[in-house]
Amino acid sequence: MQHYDLIIIGGGPIGLACGLEAQSAGLNYVILEKGCLVNSLYNYPSNMTFFSTSDRLEIGDVPFVSNNAKPTRSEALEYYRRVAIHRKLHIKLFESVEQISKSNQESDEINYKLKTSKAEYQTQHIIIATGFYDIPYLMNVSGEDLPKVTHYYEEPHFYALQKVAVVGANNSAVDAALETWRKGAEVTMIIRQSEIGSRVKYWAKPDIENRIKEGSIKAYFNSEVAAVRQDEIDIKTPEGIVTIQNDYVIAMTGYQPNLDFLRKIGITLSDDEILKPTYDEETQETNLPNIYLAGVICGGMNTHSLFIENSRIHAVKILQKITGKEIHQPNY
């Protein structure tokens, strides 16, 4: 069994930020990531542009220089990869954590055992920085399991000359609709609300609204998918069921954190629909001693309250609690 002072679960930007602070504090640590490096960013659409400026995505005082003020997905992948390699962060990739339990070791110190898909570990401290991009919200309709339906959009060329339904009205849905339409797809948007989402990037919102207004992209508002079949879909609209021909469904319905994992190890959640985990906002420590939360996972189902830019500071707060020492705070 391998022993560490600190184990960080999640190799996204916030997990890396925690690793940088642990490294600076001289702790024996490891970052465990179930996928590739910054796995959630890797799964973003290939042409995605961040809403934030590059300086607000920096971690550990390492400058992030991009071609434009708002960096692209590829620039972010390059930046975080460069940080991990240059700073020699201790990361184990493609290794998922399956179980966390208290060690039976007789000691005054608190110790935890972790079982992963590849090994077993023991540690005094755990940081969970697992994000929220792994579990999509399902439409819960017949045919959702067909190969033509995806909850992850990569790039537009694949959909050229196809009849595409895009479900959703926020940034990911708008990007998918505009990009596939510009590559020659016949695009229909299916939107539960009465308008395009208010959080859509300011440069994309008028674009999609104008394409809908001119009829280039068809949109059904106050509507939802009722059923999916091989060559068509049913849409539940205020006027009744509408059936349209369809080749592919891109369901940009949003994602949720793995809160069942937190429940499983004993972290309590709020009783309301937010299901916010219990933690001290000064130290990020949960109701389980020496287990901390960092990043988007702290918001529970409210996944739009925390981002890279406003949760980078979690790393500093946690390491101050673990070491008992004041830590230099990056210029966040």
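Residues numbered from 1 in each chain as written. Predicted model: local features only at pLDDT ≥ 70, side-chain atom pairs only at ≥ 80, totals over all residues. Heavy atoms only, no water.

Asker: Any chance you could explain the pattern of salt bridges here in plain terms?
Answerer: Charged atoms that come close allow side chains of opposite charge to pair. The tally for this structure, following the rule as stated, stands at 15 salt bridges. Linking R211 and E214 is a salt bridge whose minimum nitrogen-to-oxygen distance equals 2.8 Å. Taken together, the residues R211 and E214, both in helix 5 (residues 205-214) and 3 residues apart, mark about one turn of the helix. On the accessibility criterion, E214 (46% relative accessible area) is partly exposed. Two residues, R229 and D234, come together in a salt bridge whose shortest N-O distance is 2.8 Å. Relative accessible area serves as the criterion here: at 13%, D234 is assigned to the buried category. What you see here is one network of salt bridges that share partners, running through R182, D207, R211 and E214. (Salt bridge = Lys/Arg side-chain N within 4 Å of Asp/Glu carboxyl O. Helix = DSSP H or I, 4+ residues; strand = E, 2+ residues; numbered from the N terminus. Buried < 20%, exposed > 50% of the residue type's maximum accessible area, 1.4 Å probe, protein only.)

Asker: Can you walk me through the sheet that holds strand 11 (residues 218-220) in this structure?
Answerer: Sheets are built from strands paired through backbone hydrogen bonds, the pairs being either parallel or antiparallel. In space, the 5 strands of this open sheet follow the order 8-15-9-10-11, with parallel pairing throughout. At either margin of the open sheet sits one strand with a lone partner, and together these are strand 8 (149-150) and strand 11. Both strand 10 (residues 186-190) and strand 11 contribute to a ladder of 3 bridges, which runs parallel. When the bridges of strand 11 are listed, M189 appears paired with A219. Taken strand by strand, helix 4 (residues 171-182) contacts strand 9 (163-167), strand 10 and strand 15 (248-251), and its axis lies near 165° from that of strand 10. (Pairing = 2+ DSSP bridges. Contact = heavy atoms within 4.5 Å. Axes fitted to C-alpha atoms, helices over the stretch in contact; angles between N-to-C directions.)

Asker: Help me understand the packing of aromatic side chains in this model?
Answerer: To describe a pair of aromatic rings, you give the distance between the ring centres and the angle between the ring planes. This structure, assessed with the given rule, holds 15 aromatic pairs. Ring geometry for Y133 versus Y152: centroids 5.6 Å apart, planes at 75°, classification edge-to-face. Of the two residues, Y133 sits in the loop between strand 6 (120-128) and strand 7 (135-136) while Y152 sits in the loop between strand 8 and strand 9, which places them 19 residues apart along the sequence. Geometrically, the ring pair formed by Y133 and Y255 is tilted, given 4.4 Å between the ring centres and 45° between the ring planes. Remark: Y255 occurs in strand 16 (residues 255-256) and Y133 occurs in the loop between strand 6 and strand 7; sequence separation between them is 122 residues. As far as the burial class goes, Y133 and Y255 line up, both buried. Put simply, the rings of Y44, F50, Y133, Y152 and Y255 touch in pairs and so form one group of aromatic residues. Between K70 and the ring centre of F51, over which it is positioned, the NZ or CZ distance is 5.3 Å. Positioned above the aromatic ring of Y220, the side-chain terminus of K218 is 4.9 Å from the ring centre. (Phe/Tyr/Trp six-rings, centres within 6.5 Å; stacked < 30°, edge-to-face > 60°. Lys NZ or Arg CZ within 6 Å of the ring centre and 35° of its normal.)

Asker: Can you walk me through the environment of R229 in this structure?
Answerer: In this fold, R229 is placed in the loop between strand 12 (224-228) and strand 13 (232-237). Given a relative accessible area of 31%, R229 falls into the partly exposed group. Counting along the chain gives 70 residues from R229 to Y159, while the straight-line C-alpha distance between them is 18 Å. Setting aside chain neighbours within four positions, we find R229 in contact with L146, K148, D234 and T243.

Asker: Could you clarify how one ought to interpret the pairing of strand 15 in this entry?
Answerer: Side chains on a regular strand alternate between the two faces of the sheet. Pairing between strand 8 and strand 15: 2 bridges, direction parallel. Each residue of the ladder has a partner; that of V149, found in strand 15, is V249. Note that strand 9 and strand 15 share 4 bridges and pair parallel. Looking at strand 15, one finds that V164 is bridged to Y248.

That is the geometry; function is a separate question.
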